[in-house]
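Tertiary structure, described
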Amino acid sequence: MIRFNNPAPLGDEAANLVQALAQGHLSGDGPFTRRSQAVLQDFIPGSRVLLTTSCTHALEMAALLLDAEPGDEVIMPPFTFVSTANAFVLRGLRPVFVDIRPDTLNIDERQIEAAVTHRTRAIVVVHYAGVGCEMDVIVQIAQRRGLFVIEDNAHGLFGRYRGRNLGTFGSLATLSFHETKNISCGEGGALLINDPELVERAEILREKGTNRSRFFRGQVDKYSWVDIGSSFLPSDILAAFLYAQLEARQDIQDARRKIWNRYSNHLTNWAQRQSVRLPWIPAHCDQSYHMFYMVMPSARARDGLIAHLKERGILGVFHYLPLHLSDMGRRCAAREAVCPVTEQISESLIRLPFYNRLTEDEQAQVIEAIHEFRG
Ligand SMILES: Cc1ncc(COP(=O)(O)O)c(C=O)c1O
């Protein structure tokens, strides 16, 4: 069986876990959390990085930091994971779904401004497959209309837009370290705070509404309840695992780049013959090598290819179901959305097996099976 994802340790994970147990700091914000945050911070200069228990929780923190009123609106694509929307719905905000571009599958920046109302607080972008959204245009709209930009960068650590790291454009950005991501600790995430005015409150929200972070830095002599909040910080055991992966980031990215290029090189001609679309990376974007997808000519062809691969012991998988068509999406959206591109992509996209330790031999089997497919 060639699985879709097969997370495996790549570096010093086990050694770090032993060290974490030995050093006797198992709760959050221990030595490995600080080291992981420092690596991420180096890579995203200017941001304050806070590890969280998931990208979902980092998005929930972002929603809390907006300090919005129930009924306020957030613009986002419907082709995303439920957490992008849920985090805001939990605070009483209402998603406004704007369709995606057919080429990058990112929010269509040309449709954003028409969706802005007096209730809009933020534009939430998702850099699908780690390819940057059109941030020049999006940041301009946000500045003109006085809106926050939040980047759901679950896929895009190491991606760049016009030479600048994804996650540095919004006031806030989030990362995921779920086991399907390039860098993982099973379940984990981070909040990147690019607006210095939001840092102190973010620390408080993450520490159950207390100013415990200030206390640990010696800035107050006791810590107390100062705001709402929750427990968004991961155990240092998880951070120990994560730190090993962060240290192996070069090897991980090299391996993933090779896998991505091999799929692209061996599938381009076949795709042209079969009217299948492969990922498009604009010249001004450096992708994160997070996934390899194909857009099949029809839903029937996509489902046929999934079944064809399965018969050969290979797991290809679909991706997001359109949020605007889900029960919850219909109930909580600010208004009905017309998103034909999302609907077409959702029913015809397949993701191929993609993980750090996918071997050349396994990948050759996937490619051969695809070449044999007659849609
Ligand atoms: C775009 C996007 N945002 C958020 C998430 C949630 O990430 P996590 O599982 O770390 O909470 C995912 C999950 O894969 C995702 O694809």
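1. Here's the deal with the packing of helix H2 (residues 31-43) against helix H8 (residues 236-247)
- Relative orientation of the contacting elements H2 and H8 amounts to 35 degrees, with a least axis distance of 7 Å. The handedness of the crossing between H2 and H8 comes out as left-handed. Facing Pro 31, Phe 32, Thr 33, Arg 35, Ser 36, Val 39 and Leu 40 of H2, the residues of H8 in contact are Asp 236, Ala 239, Ala 240, Leu 242, Tyr 243 and Leu 246.

2. Quick word on helix H6 (residues 199-206)
- For H6, the buried fraction is high: six of the eight residues fall into the buried class.
- Taken together, the buried positions of H6 are occupied by Val 199, Ala 202, Glu 203, Ile 204, Leu 205 and Arg 206.
- At the C-terminal side of H6, Lys 208 shows a positive phi close to 60 degrees.

3. Focus: helix H5 (residues 135-145)
- If you check which residues of H5 are buried, you get Met 135, Ile 138, Ile 141 and Ala 142. Down the axis, H5 shows its buried residues gathered within 130 degrees of arc, on one side only. Exposed and facing more than 90 degrees away from the buried side of H5 are Gln 143 and Arg 144.
- Looking at the packing, one finds that the buried side of H5 touches strand S4 (120-126), strand S5 (148-152) and strand S6 (160-161).

4. Concerning the sheet that holds strand S3 (residues 94-97)
- Pairing is mixed in the open sheet, where seven strands are placed in the order S1-S9-S8-S5-S4-S2-S3. At either end of the open sheet lies a strand with only one pairing partner, and these are strand S1 (48-52) and S3. Looking at each pair of strands side by side, their axes are set apart by 20 degrees on average, direction ignored.
- Both strand S2 (residues 73-76) and S4 contribute to a ladder of three bridges, which runs parallel. Within S4, the residue paired with Val 74 across the bridge is Ala 122.
- H2 rests against S1 and strand S8 (172-176) of the sheet, and its axis sits at about 135 degrees to S1.

5. Overview of the side chain of Asp 99
- The topology assignment puts Asp 99 in the loop between S3 and S4.
- Despite its burial, Asp 99 pairs with no opposite charge; the closest candidate is Arg 110, at 9.5 Å N-O.
- Polar contacts involving the side chain of Asp 99 include one to the main-chain amide nitrogen of Val 341, which spans 2.9 Å.
- Aside from chain neighbours lying at most four places away, what touches Asp 99 is Pro 78, Ile 107, Asp 108, Gln 111, Val 338, Cys 339, Pro 340, Val 341 and Thr 342.

6. Re the sheet that holds strand S10 (residues 285-286)
- The three strands lie next to each other as S7-S6-S10, forming an open sheet whose pairing is antiparallel. Bordering the open sheet on either side are strand S7 (164-165) and S10, each of which pairs with just one other strand.
- The pairing of S6 with S10 spans two bridges and is antiparallel. By the bridge assignment, Arg 160 is partnered in S10 with Asp 286.

7. Here we look at the packing of helix H1 (residues 13-23) against H8
- It is the contact of H1 with H8, at a shortest axis distance of 8 Å, that shows an interaxial angle of 145 degrees. Both H1 and H8 take part in a crossing whose hand is right-handed. Side by side, H1 and H8 meet where Glu 13, Asn 16, Leu 17, Ala 20, Leu 21 and Gln 23 of the first sit next to Asp 236, Ile 237, Ala 240, Phe 241, Tyr 243, Ala 244 and Gln 245 of the second.
- Here the residues of the contact of H1 with H8 are counted per class, giving eight nonpolar, three polar and two charged.

8. Structural notes on the site of the ligand
- Not every one of the 15 residues close to the ligand is listed here, only the nearest: Thr 56, Asp 152, Ser 176, Lys 181 and Tyr 320.
- Residue Cys 55 places a main-chain N or O atom 2.9 Å away from an oxygen atom belonging to the ligand.
- Between the ligand and His 155, the relevant distance is 3.0 Å, taken from an oxygen atom to a side-chain nitrogen or oxygen of the residue.
- When each cavity is represented as a set of grid points, the ligand is found to reside in the largest pocket.
- Of the residues assigned to the shell around the ligand, the class counts are five nonpolar, eight polar and two charged.

What counts, and at which threshold
- Residues numbered from 1 in each chain as written.
- Predicted model: local features only at pLDDT ≥ 70, side-chain atom pairs only at ≥ 80, totals over all residues.
- Heavy atoms only, no water.
- Axes fitted to C-alpha atoms, helices over the stretch in contact; angles between N-to-C directions.
- Helix = DSSP H or I, 4+ residues; strand = E, 2+ residues; numbered from the N terminus.
- Left-handed = near helix turned anticlockwise from the far one by under 90°.
- Contact = heavy atoms within 4.5 Å.
- Buried < 20%, exposed > 50% of the residue type's maximum accessible area, 1.4 Å probe, protein only.
- Arc of directions from axis to C-beta.
- Pairing = 2+ DSSP bridges.
- Lys, Arg positive; Asp, Glu negative; His and termini not counted.
- Salt bridge = Lys/Arg side-chain N within 4 Å of Asp/Glu carboxyl O.
- Polar contact = N/O pair within 3.5 Å; in protein donor to acceptor, adjacent residues only side chain to side chain.
- Nonpolar A, V, L, I, M, F, W, Y, C, P; charged D, E, K, R; others polar.
- Near = heavy atom within 4 Å.
- 1 Å grid on protein atoms, 1.4 Å probe; cavity = no way out; pocket = protein on both sides within 12 Å on 5 of 7 lines; lining within 4 Å.
- Sits in = over half its atoms within 2 Å of the grid points.

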